[in-house]
Amino acid sequence: IVITADEAVNTAVECMRLGAFDYLVKPVEQNRLWASVSHALEIAELQREVGNLGRHVKSGKLTNPEAFADIVTDSESMKAVFRYVESVAPSGKPILITGESGTGKELIAKVIHTLSRREGAFVAVNVAGLDDTMFSDSLFGHVTGAFTGAEGQRPGLVEKASGGTLFLDEIGELAASSQIKLLRLLEEGEYYPLGTDQVKTCSARIIAATNAEMLTEQEQGKFRRDLYYRLIAHHIEIPPLRERFEDLPLLVDHFLEQAAAELNKSKPDIPLELFAVLESYDFPGNIRELQSLLFDAFSTQTGSALGLAPIQKHLDKRRDAKAPSLSGSS
């Protein structure tokens, strides 16, 4: 950023041609200077992120594959997600993780925290169903006497996540009044504990997740557009299980090993027909539903091979529940 008393246009043009970000003529107002510096830093950070992303895409390799060890996959779509996660994890900007229920959004959030190398804790909270007071108390804390029963001071989750990551799950369910407070936290990095007008600063990185269709939520007036665009500085969309059935053999083997350890039983033989049965189902509950399904089938198993009957029964029951009712039709 060049600051000079020279107002000549050709000088300004030459400075910009040689790589200056901005050209300010004295005297320079403080607000104008701060705005220029802030803008320059934002552009530099975006350039670094784009460069990192480009290098990851070109290499096709992960720099820290061990960080993803808890996520069982061999899917190319998931590997693309991993590469993007590595690229944006060092950024301090908010991240919005979207995907259907049971796809592993919190697991991805934990990986981001690990890769960010932030020294603070990873703190998770499900904001669905919290009214405005509960939201404010949970996130911002309160001082003594803030409300009836507030006999002592309590730090909020923002403070507990100081220097770390605050994960807000089910952000699409957040009440409108609470959305305003979260917007201020993101815009200003400031918040007020209940019962005090003394401002505190937030040093936590915000990651939000939802299974809601956010564009629809905005169109229906349920979610603020300005908050949405603050949260979506980086966006990670996790594909549903039905779009990566190539992971089924790995997941089935992994979950049966888990179940065998928990039930203190030998791991069962896997019938080949199992995969054809599973691929005929769309898994609205995704990975979580598959895990529960296999654990339940294994817990009732009597032979050496995993029985298909309880699995088929579950799938048929779910299909019947989704089928439209024909009552009253002509």
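The numbering scheme is per chain: residues are counted from 1 as the chain's sequence reads. Local features in a predicted model are, by the rule used here, given only for residues with pLDDT of at least 70; side-chain atom pairs are given and counted only at 80 or more, and totals for whole chains, interfaces and linings are based on all residues. Excluded from the side-chain calculations are hydrogens and water; all other atoms, namely the structure's heavy atoms, are used.

In this section: the overall build of the protein chain. Under the DSSP-based scheme used, a helix requires at least four consecutive residues in state H or I and a strand at least two consecutive residues in state E, with every element numbered from the N terminus. A count of helices and strands for the protein chain gives 13 helices and 11 strands. Computed over the C-alpha atoms, the radius of gyration of the protein chain is 26 Å, more than 25% above the 20 Å expected from 2.2 N^0.38 for a compact globule of 330 residues. Considered along the principal axes of its C-alpha atoms, the protein chain spans approximately 85 × 60 × 55 Å. Accessibility here uses a 1.4 Å probe with only protein chains present; expressed as a share of the type maximum, an area under 20% marks a residue as buried, one over 50% as exposed, and anything in between as partly exposed. Every one of the 330 residues in the protein chain was classed for burial, and the buried ones make up 41%. Only heavy atoms matter for contacts: two residues are in contact if any of them lie within 4.5 Å across the pair. In the protein chain, once contacts between residues fewer than 6 apart in sequence are set aside, the share between residues at least 24 apart is 68%. Each accessible area is a Shrake-Rupley estimate made with a 1.4 Å probe; only the visible protein chains count as cover when residues are assessed. Total accessible area computed for the protein chain in this model is approximately 18000 Å², and 52% of it derives from carbon and sulfur atoms. As defined in this context, the radius of gyration uses C-alpha atoms, and a globule is described by 2.2 Å times the residue total to the power 0.38.

Attention now goes to a nonpolar patch on the surface. Residues form patches when they are more than 30% accessible in relative terms and have no salt bridge. Like charges link within 9 Å. Nonpolar side chains (Val, Leu, Ile, Met, Phe, Trp, Tyr) link within 5 Å. Salt bridge, as applied in this entry: a Lys or Arg side-chain nitrogen positioned within 4 Å of an Asp or Glu carboxyl oxygen. Together, I1, I3, F21, W34, V37 and L41 make up a nonpolar patch on the protein surface, roughly 540 Å² of accessible area in all. Take the nonpolar patch: its biggest share by element is three residues, from helix α2 (residues 30-59).

On to the sheet that holds strand β7 (residues 165-169). Backbone hydrogen bonds hold the strands of a sheet together, and the pairing may be parallel or antiparallel. Two strands make a pair as long as DSSP finds a minimum of two bridges between them. Here we have five strands laid out as an open sheet, ordered β4-β7-β10-β3-β11, and parallel in their pairing. The sheet is open, and its two edges are formed by β4 (122-126) and β11 (234-237), each paired on a single side. Direction aside, the axes of adjacent strands within the sheet are offset by 20° on average. Inspection of the sheet shows strand β3 (residues 95-98) paired to strand β10 (residues 205-210) by four bridges, in the parallel sense. By the bridge assignment for β10, I97 is matched with A209. An axis is simply a line fitted to the C-alpha atoms; with a helix, the fit covers only the stretch in contact. Between two such axes, the angle follows the N-to-C directions and lies from 0 to 180 degrees.

Our focus in this paragraph is the layout of surface pockets. Here the largest pocket is characterised by a volume of approximately 490 Å³. Forming the boundary of the largest pocket are 24 residues, of which G102, T103, G104, L107 and I287 lie nearest the centre. Breaking the lining of the largest pocket down by element, the ones donating at least two residues are α4 (105-116), β7, α10 (248-263) and α12 (286-299). In this structure, the second largest pocket encloses a volume near 290 Å³. Lining of the second largest pocket is provided by S38, E42, E45, G92, K93, P94, L186, E187, Y229, R230 and A233. By residue class, the composition of the lining of the second largest pocket is four nonpolar, two polar and five charged. Within this scheme a cavity is a closed region of a 1 Å grid, computed over the protein atoms alone, that accommodates a 1.4 Å probe without allowing it to escape, whereas a pocket is open but has protein on both sides within 12 Å along at least five of seven lines; lining residues each have an atom within 4 Å of a point. Grid points are joined across faces, edges and corners, and a volume is the space filled by probe spheres set on the points. Residue classes follow a fixed rule: Ala, Val, Leu, Ile, Met, Phe, Trp, Tyr, Cys and Pro count as nonpolar, while Asp, Glu, Lys and Arg count as charged, and any other residue, Gly among them, counts as polar.

This paragraph deals with the pairing of β4. As a general feature of sheets, a regular strand has side chains that alternate between the two faces. Here β4 shows a clear split, with V123 and V125 buried on one side and none of F122, A124 and N126 buried on the other. Inspection of the sheet shows β4 paired to β7 by five bridges, in the parallel sense. Directly across from V125, in β7, lies its bridge partner L168.

Its place among the elements puts F135 in helix α5 (residues 132-140). Note: C-alpha distance between F135 and V9 (126 residues apart in sequence) is 54 Å. Apart from the residues within four sequence positions on either side, F135 is in contact with V127, L130, F140, L174, S178, K181 and L182.

For the rest of this paragraph, the subject is α5. Note: α-helices contain 3.6 residues per turn, so residues at a spacing of three or four share the same orientation. Inspection of α5 places F135, S136, D137, S138, L139 and F140 among the buried residues, and these make up the whole buried set. One side-chain oxygen at the N-terminal end of α5 lies 3.2 Å from the backbone nitrogen of T133; it belongs to D131. The first or second residue beyond α5 is G141, which carries a positive phi of 80°. We call two N or O atoms a polar contact when they sit within 3.5 Å, provided that within protein one can donate a hydrogen and the other can accept it, with sequence-adjacent residues counted only if both atoms are side-chain atoms.

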